[in-house]
Amino acid sequence: MAKKSMVNREVRRTKLVARYAKKRAELKATIIDPKVDFEVQQDAIFQLQKLPRDSSPVRQRNRCAISGRPRGFYRKFGLGRNKLREAAMRGDVPGLRKASW
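Residues numbered from 1 in each chain as written. Predicted model: local features only at pLDDT ≥ 70, side-chain atom pairs only at ≥ 80, totals over all residues. Heavy atoms only, no water.

**Q** Before we go on, may I ask you to explain helix 3 (residues 81–90) in this structure?
**A** For an α-helix the count is 3.6 residues per turn, leaving residues at separations of three or four pointing the same way. Where helix 3 is concerned, the buried positions are L84, A87 and A88. Buried residues of helix 3, seen end-on, are gathered within an arc of 100° and therefore sit on one face of the element. Where helix 3 is buried, its residues meet strand 1 (73–74) and strand 2 (79–80). G91, located one to two residues past helix 3, shows a positive phi value of around 85°. (Buried < 20%, exposed > 50% of the residue type's maximum accessible area, 1.4 Å probe, protein only. Helix = DSSP H or I, 4+ residues; strand = E, 2+ residues; numbered from the N terminus. Arc of directions from axis to C-beta. Contact = heavy atoms within 4.5 Å.)

**Q** What am I meant to see in the pattern of salt bridges here?
**A** Opposite charge on two side chains lets them pair, provided their charged atoms get close. Across all of its chains, the model carries six salt bridges by this definition. A salt bridge links D54 to R12; the shortest N-O distance between them is 3.4 Å. Taken together, the residues D54 in the loop between helix 2 (38–50) and strand 1 and R12 in helix 1 (residues 4–32) connect sequence positions 42 residues apart. The class for R12 is partly exposed, based on a relative accessible area of 44%. Several salt bridges share partner residues, and in doing so they unite E10, R12, R13, D54 and R59 into one network. (Salt bridge = Lys/Arg side-chain N within 4 Å of Asp/Glu carboxyl O.)

Read these as spatial facts, not as claims about activity.
Given below as structure tokens:
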């Protein structure tokens, strides 16, 4: 089981990413646009740097929905390897046969 503080930190990051997604996309579009003046691009870069670090989606970490484990995560199921194995043994995962692990 992951520490509660780490799981809560991920929840906070997810909320920040959602809150700043639109503004971040607008600033990145301004930076990439070749028709925009150089000073405007520099200003957009500066504003992008001023946003909170945790508002970047790159800083998010996939975690197991049950245990919060950050490693051994299967995206398809949203579970860590240990919990996926337990669920497969119980027959809770569709598409996976009950194995004799």
